[in-house]
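What the coordinates show
As a plain string of letters, each chain reads:
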Amino acid sequence: MIDDKRREVKKKLRTLKGLPTLPPIVAKLTRMIGDETVSAPQIAAVIERDQVLTSKVLRLVNSAFYGFPRRISTVSNAIVLLGFNVIRTLVITASIFEMMQSRDVGLWEHSLGVAAVSGILARDLGLENPEEVATAGLLHDLGKVVERASLVEDYKKIQEKVRNEGVTWREAEQEILHMDHAEIGGYLLNRWNLPERLVEPVASHHELKKARRFKVETAVVQLADILVRARGFGYSGDPWVPEPEEKALKLVGLDEKKLEVLLPQMEVKFYELKFFTEEIREALLEKNPAT
Amino acid sequence: MKKILLLSAEVPPYTIWAEVLTQKGYRVEIFPEIQEAGERVFFSLPDMILVSEGLHPELVKDLIFALKCDLSLASLPILLIVDPEKLPRIDWHEYFVDDFICEGASSEEVISRVKLALLRAERLADNNPLTGLPGNTSILRKIEEVIHDDGEWAVGYVDLDNFKPFNDAYGFSRGDEVIRMLARLLVNTVEFYAGPKGFVGHIGGDDFVFIVPLDVADKVAQEVIQKFDQLVLNFVDPEDRERGCLLTTDRQGVLCRIPWPSVSIAIVPVWAGRFKHYGEVAAVAAQLKHYVKKVPGSTYLIDRRKEERP
Ligand SMILES: [Fe+2]
Ligand SMILES: [Fe+2]
């Protein structure tokens, strides 16, 4: 069946010019880059805390120009290959959200939380590259940033629907866009030549059966998403906490006993992250007292 | 078709320049937003950049600096478009550009400058097509330069172990990916420790040369080795990574277990009067390589014999 709405959305995604990110993060990075005592790993650590910049860095390093498409899945590896000067240029030319709402920071906090919890679960499972799974966690809701930045009219409609009808963000997306943010994010990351190990968990985090090669990683991201929502860290569009899929719980081996061990580790992470997110929130309020 | 990026306002005379250049067979794209252009440059590399200083003086300076400092982009010609009245005040040390064009220049002048700059870039470049790094002529020239210099330098010869079986197992294009990865790693590490004093050249195949001040040579080698061992895992299939080796068959058809590529570096210190000729440096490197190659895994060796030193 030909679906005009889907076609329209995909066309917009193909001509997407680049995603804006939070002004205070760009400001912070610009400051760091001007400071000669700041090292590349320190800059990597800040880039890793922003889904838009992270996707940009990964897109660049996996682009045809560098000649190793779909190979590099972590910011630290990307920075080694791109070099300081390229990172510098990416940062000074990064575009920022002109109109910020405190909601935008909420989504960004949510993504950071999911990245941290994905990393903890991956490490606990003994997966080969926990940093990579954390990156998938960071990027899992990139589709929502795209809606916010580039599908503005539809974004407003989704927002209203969620508010007035009490449906979930995903249900509203399905109705208005005929696809959800997971598909949008996956579609873009795939177009940008990112490794499949990142694309799949992003594209399938709400529907495990869609994942073929990286089921465990996908299950990790799904559960991390749910845990972070349940904990109330950040805001991802609606107040509902989805049910985890049976299969996901099984693949990750997550039960009450394990949770008891892992929850304190997560709390430590949330506590650390708060320092950073509060700093960014304050910087934002200073500039934009209206939000 | 040569691709030219024009970073300027989208008004005459720039639109007219773009038009006449297009008529001459160049593909011209105008970017009035330097932010957008910055991204564009890296995602799809042009053959030349014309950039108007007046567009955003600070960002323009930053962008040029970033491009020219990237050793694999250094040969990309950049022409600065300036207001002729500003000329006396411009400090050319701050702009790593190849030439300039005045804002009021005629279309004929613009075409000639562009042609000339492209020709000059071609003449200078013996760059390796796979990595964009300078090739043998430049390497030779650079080594001659440091052996006659008063400072203390290190010439590092880099190559891969077990590269051939890797190519056999995964095919050449995967091999090329690893070569490009090594090139970027060398460029960035050398750039980080030696800045503009550093040099990286690509002899061919999996053979590279880098030149840095002697006091940072150990650091460069250690970091290249450590990062290479980490990065190379991205180029090995998950099944093989789990097994811990590659499987190939040798000429007799026997199944072999082979480790994935590692990197060997032989470092020859150079000081005034130590060598008269480039060949002598290569000879010492060959001796060192003989020892380095006996050690399994990624390693480096620096020639510590200093008895001839004044
Ligand atoms: Fe989601
Ligand atoms: Fe989420």
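Residues numbered from 1 in each chain as written. Chains lettered and ligands numbered in written order. Predicted model: local features only at pLDDT ≥ 70, side-chain atom pairs only at ≥ 80, totals over all residues. Heavy atoms only, no water.

1. So, the interface of chain B and chain A
- Every contact between the two is made by 31 residues of chain B and, on the other side, 29 residues of chain A.
- On the chain B side of the contact with chain A, B:Phe42, B:Phe43 and B:Asn234 bury the most area, a combined 25% of that side's loss.
- Counting across the chain B and chain A interface gives three salt bridges.
- B:Arg241 serves as the salt-bridge partner of A:Glu128, at 2.8 Å between the closest nitrogen and oxygen.
- There are nine residue pairs in polar contact (both at pLDDT 80 or more) connecting chain B and chain A. (Contact = heavy atoms within 4.5 Å. Buried area = accessible area lost by both parts, 1.4 Å probe. Salt bridge = Lys/Arg side-chain N within 4 Å of Asp/Glu carboxyl O. Polar contact = N/O pair within 3.5 Å; in protein donor to acceptor, adjacent residues only side chain to side chain.)

2. A closer look at the domain arrangement of chain B
All names here are of chain B.
- Taken domain by domain, chain B comprises domain 1 (3–124) and domain 2 (136–302).
- Between the C-alpha centres of domain 1 and domain 2 the distance comes to 35 Å.
- Taken together, the four residues of domain 1 in the interface contact six residues of domain 2.
- Of the roughly 420 Å² buried where domain 1 meets domain 2, counting both sides, 47% is carbon and sulfur surface.
- Inspection of the region where domain 1 meets domain 2 yields zero salt bridges.
- The tally of links between domain 1 and domain 2 comes to zero residue pairs in polar contact (both at pLDDT 80 or more).
- Tallied by class, the residues present in the side of domain 1 that touches domain 2 amount to two nonpolar, one polar and one charged. (Domains from an automatic or database assignment. Nonpolar A, V, L, I, M, F, W, Y, C, P; charged D, E, K, R; others polar.)

3. Quick word on the packing of aromatic side chains
- What the rule picks out here adds up to eleven aromatic pairs over all chains.
- Between A:Tyr271 and A:Phe275 the ring centres are 5.4 Å apart and the planes differ by 85°, which places this aromatic pair in the edge-to-face class. Of this pair, A:Tyr271 and A:Phe275 both sit in helix H16 (residues 256–287), four residues apart, roughly one helical turn. Taken individually, A:Tyr271 and A:Phe275 each receive the classification exposed, so the pair is uniform in this respect.
- Relative to B:Tyr170, the ring of B:Phe166 lies with its centre 5.0 Å away and its plane at 85°, an arrangement referred to as edge-to-face. Taken together, the residues span about one helical turn, with B:Phe166 and B:Tyr170 both in helix H6 (residues 163–170) at a distance of four residues. Here B:Phe166 and B:Tyr170 have matching classes, each one buried.
- One aromatic cluster is present, formed by B:Trp92, B:Tyr95 and B:Phe100 through successive ring pairs. (Phe/Tyr/Trp six-rings, centres within 6.5 Å; stacked < 30°, edge-to-face > 60°. Helix = DSSP H or I, 4+ residues; strand = E, 2+ residues; numbered from the N terminus. Buried < 20%, exposed > 50% of the residue type's maximum accessible area, 1.4 Å probe, protein only.)

4. Quick word on helix H3 (residues 40–47) of chain A
Residue and element names in this part refer to chain A.
- All buried positions along H3 are accounted for by Ala40, Ile43, Ala44, Val46 and Ile47. Taken end-on, H3 shows its buried residues confined to a sector of 160°, consistent with a single buried face.
- Along its buried surface, H3 packs onto helix H2 (23–34), helix H4 (51–61), helix H5 (75–82), helix H6 (84–92) and H16. (Arc of directions from axis to C-beta.)

5. Re the coordination of the iron ion (ligand 1)
Residues and elements named next belong to chain A.
- Taken together, Asp141 (OD), His181 (NE2), His205 (NE2) and His206 (NE2) make up the full set of protein donors to the iron ion (ligand 1), lying 2.1 to 2.3 Å away.
- Each of the four donor atoms bound to the iron ion (ligand 1) contributes to angles spanning 81 to 167°, and the resulting shape is irregular.
- Expressed as a motif, the donor residue spacing for the iron ion (ligand 1) is D-x39-H-x23-H-H.
- Between the iron ion (ligand 1) and the iron ion (ligand 2) the interatomic distance comes to 3.5 Å, and Asp141 is a ligand of both metals. Remark: His206 occurs in the loop between helix H13 (196–204) and helix H14 (215–231) and Asp141 occurs in the loop between helix H8 (130–139) and helix H9 (142–150); sequence separation between them is 65 residues.
- Of the residues examined, Asp141 reaches a relative accessible area of 0% and is grouped as buried. (Donors = N, O, S within 2.8 Å, 3.2 Å for Na, K, Ca; no water. Tetrahedral: all angles 85-135°; square planar, octahedral: opposite > 155°, others 65-115°.)

6. Topic: the environment of B:Phe275
Residue and element names in this part refer to chain B.
- Along the chain, the position of Phe275 falls in the loop between strand S11 (262–270) and helix H10 (278–292).
- Spatially, the C-alpha atom of Phe275 lies 9.8 Å from that of Val146, the residues being 129 residues apart in sequence.
- Setting aside its immediate chain neighbours within four residues, Phe275 contacts Ile147, Val268, Pro269, Val270, Glu280, Val281 and Val284.

7. Some details on the coordination of the iron ion (ligand 2)
- Distances from the iron ion (ligand 2) to its protein donors, A:His110 (NE2), A:His140 (NE2), A:Asp141 (OD) and A:Asp225 (OD), fall within 2.2 to 2.4 Å.
- Read N to C, the donor residues that coordinate the iron ion (ligand 2) are spaced as H-x29-H-D-x83-D.

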